[in-house]
Amino acid sequence: MSRVRRLPAVPCPVRGEGFASWVDRVAAVLEVPPGVAARALGLECRQWGSSTRPLFFGVTLTPASLDGLRNATGLRAAELRQMHLDRYAGTVLDLSGVELSREASLTAVAAREWMMPTWSRACPPCLKRDGVWPLWWRLGIAAVCPVHRCLLVDVCPRCGVRLLRGSERVPRGLLTREPLPAVGECANRPPHGPRGRAGLCRQVLPDIPATAVPEVWADLQRRVLAVAGGVRLSGSRASR
Ligand SMILES: [Zn+2]
Ligand SMILES: [Zn+2]
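Bear in mind that the values here come from a model prediction, so they are computed numbers and not experimental data. (Residues numbered from 1 in each chain as written. Chains lettered and ligands numbered in written order. Predicted model: local features only at pLDDT ≥ 70, side-chain atom pairs only at ≥ 80, totals over all residues. Heavy atoms only, no water.)

Caption draft 1: Structural view of the overall build of the protein chain. Helices and strands together make up the secondary structure of the protein chain, namely seven helices and five strands. The secondary structure elements of the protein chain, listed N-terminal to C-terminal, are α-α-β-β-α-α-α-α-β-β-β-α. Over its C-alpha atoms the protein chain spans a radius of gyration of 18 Å, differing by no more than 12% from the 18 Å that the globule rule assigns to 240 residues. Overall, the protein chain is about 50 × 45 × 35 Å in size when its C-alpha atoms are taken along their principal axes. (Helix = DSSP H or I, 4+ residues; strand = E, 2+ residues; numbered from the N terminus. Rg over C-alpha atoms; globule rule 2.2 N^0.38 Å.)

Listed below in structure tokens is the structure:
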């Protein structure tokens, strides 16, 4: 029997949403820091200092995390798995080498594969409109927003750190203590800034200027995403 209690209300995942984005939205609804929400969701976590990080966060679910999540939310396993990068295994990613009993096994796989488990690219107009981070923005093939026809941003123009990374050197886990950064703020720690919360970047991510690209780029991105999603092109299954 799992000891995880059913949560009173959690937002449904938006179609295509990444797991970290959804955990953030759960935290906002529960009015707790995201690291606290991760534990309430039954995720298997590692803790250091004032931050916590679910094992294989956003890449795959350990059996214990899947069990905890299902008990906490009532969501189906398929819905929960859709939010993780391993949904692309077999199309644009090869996650062979990941051992669920050994998180360090992810390091070599993450370095080899075209994916960003600890940071993300982003389309600022999409963030302004939806406040949701799609999973595909964490794929190496993510370059252009097909809706807004602009380049995806990967580095914050204010702090120079990759989006959502936390700090350039070591990725940050989920915060477990108040006060939290304002919604939409970068909150990365620039390399030589002051310590403490005062040192966190205040850039509002949806306000970052986006660079327009021609429609043909948007069309190419749509095709690549279709392949990543498993669509067959020219009658044969897409392979890596
Ligand atoms: Zn967009
Ligand atoms: Zn920043």
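Past the structure itself, the notes keep going.
Caption draft 2: Quick peek at the coordination of the zinc ion (ligand 1). Looking at the metal site, the zinc ion (ligand 1) is ligated by Cys123 (SG), Cys126 (SG), Cys145 (SG) and His148 (ND1), spaced 2.1 to 2.3 Å from it. Because the angles between the four donor atoms bound to the zinc ion (ligand 1) fall within 104 to 113°, the donor set is best described as tetrahedral. When the donors of the zinc ion (ligand 1) are listed by position in the chain, the intervening gaps give C-x2-C-x18-C-x2-H. Residue Cys123 is found in the loop between helix H5 (105–112) and helix H6 (124–130), and its partner His148 is found in the loop between strand E3 (144–145) and strand E4 (150–151); the two are separated by 25 residues along the sequence. A relative accessible area of 0% means that Cys123 is categorised as buried. (Donors = N, O, S within 2.8 Å, 3.2 Å for Na, K, Ca; no water. Tetrahedral: all angles 85-135°; square planar, octahedral: opposite > 155°, others 65-115°. Buried < 20%, exposed > 50% of the residue type's maximum accessible area, 1.4 Å probe, protein only.)

Caption draft 3: The arrangement of the layout of surface pockets in detail. Looking at the largest pocket, its volume works out to about 1000 Å³. As for the largest pocket, its lining consists of 39 residues, and the residues nearest its centre are Ala20, Asp24, Pro34, Trp133 and Leu164. Of all the secondary-structure elements, those providing two or more residues to the lining of the largest pocket are helix H1 (19–30) and strand E5 (174–175). Sort the elements by how many residues they give to the lining of the largest pocket and H1 lands first, with seven residues. (1 Å grid on protein atoms, 1.4 Å probe; cavity = no way out; pocket = protein on both sides within 12 Å on 5 of 7 lines; lining within 4 Å. Points joined across faces, edges and corners; volume = space filled by probe spheres on them.)

Caption draft 4: Looking closely at the side chain of Glu185. Tracing the sequence through the fold places Glu185 in the loop between E5 and helix H7 (215–228). A polar contact is formed between the side chain of Glu185 and the side chain of Arg202, at a distance of 3.0 Å. For Glu185, the contacting residues outside a window of four places in its chain are Cys201, Arg202, Gln203, Val204 and Leu205. (Polar contact = N/O pair within 3.5 Å; in protein donor to acceptor, adjacent residues only side chain to side chain. Contact = heavy atoms within 4.5 Å.)

Caption draft 5: View of the coordination of the zinc ion (ligand 2). The protein atoms that coordinate the zinc ion (ligand 2) are Cys156 (SG), Cys159 (SG), Cys186 (SG) and Cys201 (SG), at distances of 2.3 to 2.4 Å. The class for Cys156 is buried, based on a relative accessible area of 1%. According to the relative accessible area criterion, Cys159 is buried, its value standing at 10%.

Caption draft 6: Just a nonpolar patch on the surface, in detail. Judged by side-chain polarity, Leu151, Val216 and Trp217 come together as a nonpolar surface patch covering roughly 270 Å² of accessible area. Inspection of the secondary structure assignment puts Trp217 in helix H7. (Patch = residues over 30% accessible without salt bridge, like charges linked within 9 Å, V, L, I, M, F, W, Y side chains within 5 Å. Areas by Shrake-Rupley, 256 points an atom, 1.4 Å probe, with all protein chains shown as cover. Salt bridge = Lys/Arg side-chain N within 4 Å of Asp/Glu carboxyl O.)

Caption draft 7: Geometry of the packing of aromatic side chains. Taken as a whole, this structure holds three aromatic pairs when the rule is applied. Between Phe19 and Phe57, the ring centres sit 5.8 Å apart and the planes meet at 70°, which makes this aromatic pair edge-to-face. Here the residue Phe19 occupies a position in helix H1, and Phe57 occupies one in the loop between strand E2 (51–54) and helix H3 (63–73), the gap between them amounting to 38 residues. Phe57 carries the same exposure label as Phe19, and that label is buried. Pairing Trp133 with Trp137 gives two aromatic rings, centres 5.8 Å apart and planes at 80°, and the pair type is edge-to-face. Taken together, the ring pairs in this structure connect Phe19, Trp22 and Phe57 into an aromatic cluster. Above the plane of the ring of Tyr88 lies Arg87, whose end atom (NZ or CZ) is 5.1 Å from the centre. It is Arg162 that lies over the ring of Trp119; its NZ or CZ is 4.8 Å from the centre. (Phe/Tyr/Trp six-rings, centres within 6.5 Å; stacked < 30°, edge-to-face > 60°. Lys NZ or Arg CZ within 6 Å of the ring centre and 35° of its normal.)

Caption draft 8: Region of the structure containing the pairing of E2. Going residue by residue along E2, you find Ser51 and Arg53 tucked away on one face and Thr52 and Pro54 tucked away on the opposite face as well. In the sheet, strand E1 (residues 45–48) pairs with E2 via four bridges, with the strands oriented antiparallel. The partner of Gln47 across the bridge, within E2, is Thr52. What sits between E1 and E2 in their antiparallel hairpin is a turn of two residues, with Gly49 showing a positive phi close to 55°. In terms of strand pairing, E2 meets E5 through two bridges, oriented antiparallel. Following the sheet pairing, Thr52 is matched in E5 by Leu174. (Pairing = 2+ DSSP bridges.)

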